[in-house]
Amino acid sequence: MGIRFILMVNKQGQTRLAQYFEYLTLEERRTLEGEIVRKCLARNEQQCSFVEHRTYKIVYRRYASLFFLVGVDNEENELAILEFIHLLVETMDRHFGNVCELDIMFHLEKAHFMLEEMVMNGCIVETSKANILAPIQLMDKTS
Amino acid sequence: MNPFSSETRLRDMIRAIRACKTAAEERAVVRKECASIRAAVSDNDNDYRHRNLAKLMFIHMLGYPTHFGQMECLKLIAAPGFPEKRIGYLGLMLLLDERQEVLMLVTNSLKQDLNHTNQYIVGLALCALGNISSAEMARDLAPEVERLLQFRDPNVRKKAALCSIRIIKKVPDLAENFVNPVASLLKEKHHGVLLTAIQLCADLCTVSEEALEYFRKKCTEGLVKVLKDAVNSPYAPEYDISGIADPFLQIRLLRILRILGHGDADASDLMNDVLAQVATKTESNKNAGNAILYECVETIMSIEDSGGLRVLAINILGRFLSNRDNNIRYVALNMLMKAISVDGQAVQRHRATILECVKDSDASIRKRALELVYLLVNETNVKPLTKELIDYLEVSDQDFKGDLTARICSIVEKLSPQKIWYIDQMLKVLCEAGNYVKDEVWHGLIVVITNSTNLHGYTVRSLYRAIQTSGDQEAVVRVAVWCIGEYGDLLVNNIGMLDLEEPITVTENDAVDVIEAAIKRHTSDLTTRAMCLIALLKLSSRFPSCSQRIKDIVNQSKGSLLLELQQRSIEFDSILEKHQNLRSALVERMPVLDEATYSGRRAGSLPAVASTSQGNPLQIPNGVPKTMDAPLLDLLDLSADEPALQNSSGPNFLQDLLGGDILSSASQSGTTQPQKSGTDVLLDLLSTGSPPAQNGSSTADILSISQDNNKTSVDALNSLSSPMVTSVQSTPASSIMDLLDTFGPSPTVPKDNDPAYPPLVAFESSSLSLIFNFSKQPGSPQITQIEATFTNKSSDIYTDFIFQAAVPKFLQLHLEPASSNTLPGSGNGSITQKLRVTNNQHGKKSLVMRIRISYKLNNKDMLEEGQISNFPRDL
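Residues numbered from 1 in each chain as written. Chains lettered and ligands numbered in written order. Predicted model: local features only at pLDDT ≥ 70, side-chain atom pairs only at ≥ 80, totals over all residues. Heavy atoms only, no water.

This next bit is on the pattern of salt bridges. Residue and element names in this part refer to chain B. Applying the stated criterion to the full structure yields 30 salt bridges over all chains. Residue Glu213 pairs with Arg216 through a salt bridge whose shortest N-O separation is 3.3 Å. A residue pair is termed a helical-turn pair when its members lie 3 or 4 positions apart in one helix, as Glu213 and Arg216 do in helix α12 (residues 209-232) at three residues. The partly exposed category is assigned to Glu213, whose relative accessible area is 34%. (Salt bridge = Lys/Arg side-chain N within 4 Å of Asp/Glu carboxyl O. Helix = DSSP H or I, 4+ residues; strand = E, 2+ residues; numbered from the N terminus. Buried < 20%, exposed > 50% of the residue type's maximum accessible area, 1.4 Å probe, protein only.)

Residue and element names in this part refer to chain B. If you walk across this open sheet you meet the three strands as β6-β9-β10, and the pairing is antiparallel. The sheet terminates laterally at β6 (798-806) and β10 (860-868), the two strands that pair on one side only. The mean inter-strand angle of the sheet, taken between neighbouring strand axes irrespective of direction, is 15°. Relative to β10, strand β9 (residues 849-857) is paired through nine bridges, and the arrangement is antiparallel. Counted as the bridge partner of Ile851 is Gly866 from β10. (Pairing = 2+ DSSP bridges. Axes fitted to C-alpha atoms, helices over the stretch in contact; angles between N-to-C directions.)

Let's shift gears to the packing of aromatic side chains. Counted according to the given criterion, the structure contains ten aromatic pairs over all chains. Aromatic pair Tyr63 of chain A and Phe68 of chain A: ring centres 5.5 Å apart, planes at 85°, arrangement edge-to-face. Both rings, one in Tyr214 of chain B and one in Phe215 of chain B, keep their centres 5.7 Å apart while their planes meet at 70°; by these two values the pair is edge-to-face. A relative accessible area of 24% places Tyr214 of chain B in the partly exposed class. The ring of Tyr374 of chain B has Arg407 of chain B sitting right over it, with the charged end atom 4.6 Å from the ring centre. (Phe/Tyr/Trp six-rings, centres within 6.5 Å; stacked < 30°, edge-to-face > 60°. Lys NZ or Arg CZ within 6 Å of the ring centre and 35° of its normal.)

Glancing now at the environment of Cys357 of chain B. Residues and elements named next belong to chain B. With respect to the helices and strands, Cys357 occurs in helix α19 (residues 351-358). Residue class for Cys357 comes out buried when judged on its relative accessible area of 1%. In this structure the C-alpha to C-alpha distance between Cys357 and Ala369, which are twelve residues apart in sequence, comes to 5.8 Å. Setting aside chain neighbours within four positions, we find Cys357 in contact with Arg329, Leu333, Ile365, Arg366 and Ala369. (Contact = heavy atoms within 4.5 Å.)

Let us look at the interface of chain A and chain B. Interface size, as often reported, equals the accessible area lost upon joining of the parts. Chain A puts 54 residues into the contact, and the matching count from chain B is 66 residues. Carbon and sulfur atoms supply 58% of the area buried between chain A and chain B, which totals about 5,500 Å² over both sides. Considering only the surface of chain A that becomes buried against chain B, Leu79, Phe106 and Met120 of chain A emerge as the three largest contributors, covering 13% of it. Connecting chain A to chain B are six salt bridges. Linking Lys158 of chain B and Glu126 of chain A is a salt bridge whose minimum nitrogen-to-oxygen distance equals 2.7 Å. When residues of the side of chain A that touches chain B are traced back to their parent elements, those giving at least two are β2 (15-20), α1 (26-42), β3 (50-53), α2 (78-96), α3 (101-106), α4 (108-118), β7 (123-124) and α5 (129-142) of chain A. Counting residues per element, the side of chain A that touches chain B draws most heavily on α2 of chain A, which supplies seven residues. Broken down by class, the residue content of the side of chain A that touches chain B amounts to 27 nonpolar, 13 polar and 14 charged. (Buried area = accessible area lost by both parts, 1.4 Å probe. Nonpolar A, V, L, I, M, F, W, Y, C, P; charged D, E, K, R; others polar.)

Here is the key point about a regular strand: its side chains alternate between the two faces of the sheet. Residues and elements named next belong to chain B. Residues Met849, Ile851, Ile853, Tyr855 and Leu857 of β9 are buried on one face, while the alternating residues Arg850, Arg852, Ser854 and Lys856, pointing to the opposite face, are not. As paired elements, β6 and β9 share seven bridges and run antiparallel to each other. Note that in β9 the partner of Ala805 across the bridge is Ile851. Counted along the chain from β9 to the antiparallel partner β10, the turn is two residues long, and its residue Asn858 has a positive phi close to 50°.

Another point: the packing of helix α27 (residues 508-520) of chain B against helix α28 (residues 526-542) of chain B. The description of two packed helices rests on the angle between their axes and on the distance between the axes. Residue and element names in this part refer to chain B. It is the contact of α27 with α28, at a shortest axis distance of 9 Å, that shows an interaxial angle of 155°. Of the possible angle classes, the one that applies to α27 and α28 is roughly antiparallel. Here the hand of the crossing between α27 and α28 comes out left-handed. From α27, Val512, Ile515, Ala518 and Ile519 reach across to α28, where they touch Arg529, Cys532, Leu533, Ala535, Leu536 and Leu539. Tallied by class, residues from the contact of α27 with α28 come to nine nonpolar, no polar and one charged. (Parallel < 35°, antiparallel > 145°, perpendicular 65-115°, else oblique. Left-handed = near helix turned anticlockwise from the far one by under 90°.)

Moving on, we get to the sheet that holds β3 of chain A. All names here are of chain A. Taking strand neighbours across the sheet as the criterion, the five strands line up as β2-β1-β5-β4-β3 in an open arrangement whose pairing is antiparallel. If you trace the sheet from one side to the other, it starts and ends with β2 and β3, each paired once. Averaged over all pairs of adjacent strands, the angle between their axes in this sheet comes to 20°, without regard to strand direction. The pairing of β3 with strand β4 (residues 56-63) spans four bridges and is antiparallel. The residue of β4 that forms the bridge with Glu52 is Lys57.

The subject of this paragraph is the pairing of strand β1 (residues 3-10) of chain A. Residues and elements named next belong to chain A. Counting buried residues in β1 gives eight out of eight residues, a clear majority hidden from the surface. Sheet analysis places β1 next to strand β5 (residues 66-72), joined by seven bridges and oriented antiparallel. What sits directly across from Ile3, in β5, is Val72. As paired elements, β1 and β2 share five bridges and run antiparallel to each other. Counted as the bridge partner of Ile6 is Gln19 from β2. What sits between the antiparallel neighbours β1 and β2 is a turn of four residues, in which Gly13 has the positive phi angle 90°.

So this is what it looks like as structure tokens:
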């Protein structure tokens, strides 16, 4: 329900982060990613950020070299998801400081932790950056 | 340092993978890495376990299989330290899913962690549980989660709430346990808890009706108050997004209010104020504000009506629609589709804007706008809207054309006010996008064309012009060819000109040119060429001067490799050569195709009718007075393609000839012929001027290729019937057999035609008896049908049985082939043979006949002769 998956893909089509909230086999995932990325990469700036794919919608936004794609059910509020993507980027930015694609790649597990604090089982859990980053900062301090 | 040992740090591995230039290199690197990880796993290496798991996750994300790392996750989860647990749970969530049995092993660890003192660890466990628990795990751990809903730390509470959602989804029976705790959670201050509690509430409402009622009564007011606070709250840095206080919370609240208010007037009343407040006070220059407004409008549309709010909502949508941001427009179009059901008038006002959106450069917006236009169209605005859509069709992209065409066609069909407009629009669509048009569409067009008799001339002239310009669209060619064939004389002689037409000079040769071009074109497929052939046949009758030319064209197809074309051209050629007298009657103007049945068929209601007509045709009651259209209906039932339309020329001719009232089952039988017009042509050939009972015998001809006794038109028949037999399909064959059975020896063939001549024992010998059964058609007293039945009186079998007859000059005799030439002994079977006698001196002289029967008995030739002069007087 709600969010089905979250993907971060770079402009060459390589997946940098993938979080699925529904079960798909590896094969299915790869084909899905390929199709969606092709569709999104083909669109230009002026076109709207929502793409319809099979039974659900993809909300996407491009930040520098990285595409953030969120697959949602048809009933979900698309504008709210756009806000959520922005919130995610801002949170990562606050933690990593001027986050870029390489940061996400080399600290993949931290990116996942952050995402997990924000979304659980397809629903948005927490929207306050302070609350999201608290456990992660705690972990960094202890390790 | 060896870069591939398990001491490698994650980033070094990533660097190594990134350095690979080709996919094969990358695979090699990953394989080496996996091998070393596997080695470490089997060594049970503690130190670098979490590092290995991190690497595994990266590799998994790239798409390689990593199931050997699953046990590692479990070991990490069981470790006491927080970082290890963290990685372990993360790995668990990424590498596993709820279907794996390994998951069950985690249940114990989860239980322990849920009771841990460290709240972060509890949070971890809840997270994992919430993401991938299976039904059994959910059931086991539900009580723990329930308890945690009241934990002291709000973070844990919020995670517990979300976890409960998954539990409820997996195990709906446990829903009741969560209802009470949720009610208290809804009074929380912490936004996170509130957010998740609302979500839980929403899911509870969808799962169980009683929960919905409970929340409606108890919590609506509370929620309204929370929303009011959220809207009016001062600046809160924690949750502020671009100037609006926690839009996510507001959106969630609006959503739950939607669920609670849907279908319930009281709850809706409570919400009115706050909804109005949200709708008016929220700023719409930021995306967050627009998101809230969007949700607000959706809620207003779903709850019970209260006038003013709806107007407010539609105004907001109107503003969205004219916004320059594509996202907002998309969202507005979405909402408008739902708003149509609520208030169609208001949406009509925005029609122009929506039409603009259909032409937008953005594919998503185009799609939405097209669906919206389809919902918007009604009788008053159908003309301008269609004009717009067709104009756009010319410039649209390929992938959009298919959708657009289908929509335009259905709009035009449903709502066309006049036939001429319908025909015009369809022509335009076909010229632009004929290749995308489905078969039913142009079939429907043909039905309408035949129904609008006063427009025939106009239509055929328009089509003639159209085929000159858009000859590459297959559908245009087909419809044009059909019409030119049908109404060629109208075309050439400019008959039926409407005021708005310009005169156009088309000679007969031009018309034939068009069809010849269509037949010769490479891109024409089988259906088109077949239609061309039949059109040529029709034209040969309407334009006698072009007969020779048409014959040449038809002859060219005789050698075609496609069976259908070859067959048609051979049969048509034979009609052209030998049966000139038949031709004009054969290809007369077709009757009006029944629109109602046609549209009923297209709606799919026809399979029942089709099956009855394909089965035993005689089930159709003989006595029920039907209209002329009935056989045509049956024909149309049989096939969805136009060959059916051509087939109907056969029985149509019959109807014309026989006064249209005779509903003998034979004409029904004509309709059950396979979809080869050739068969009908055969029937027509044989049924010239004779009772339809002859149809039965002609079908007997087709099925029983026996010797030819008379060298008359039966020759042509037989030569034609040989290719026919191979292509007769089984179902119609069985129906023909049905006919045979009934038409067999008994003289019950159309009762209304039998003038009650008693059967006559024409010839009797010691070894053989011959009985004649007579029937006549009321319209042709000179012609007598005789059915001869031979019975074997001896006990031997006669083979090579041949019956011959001779008549005086004032009689004409026509002999059909016999049913067989082996006569079993002792009356075990009989041979039947049909004869047709035409008496030119009917009434003055009666029939006489000399007969000769030859057969083989035990390989000995036998011969019997006799004269029959005891025919009834009036024959």
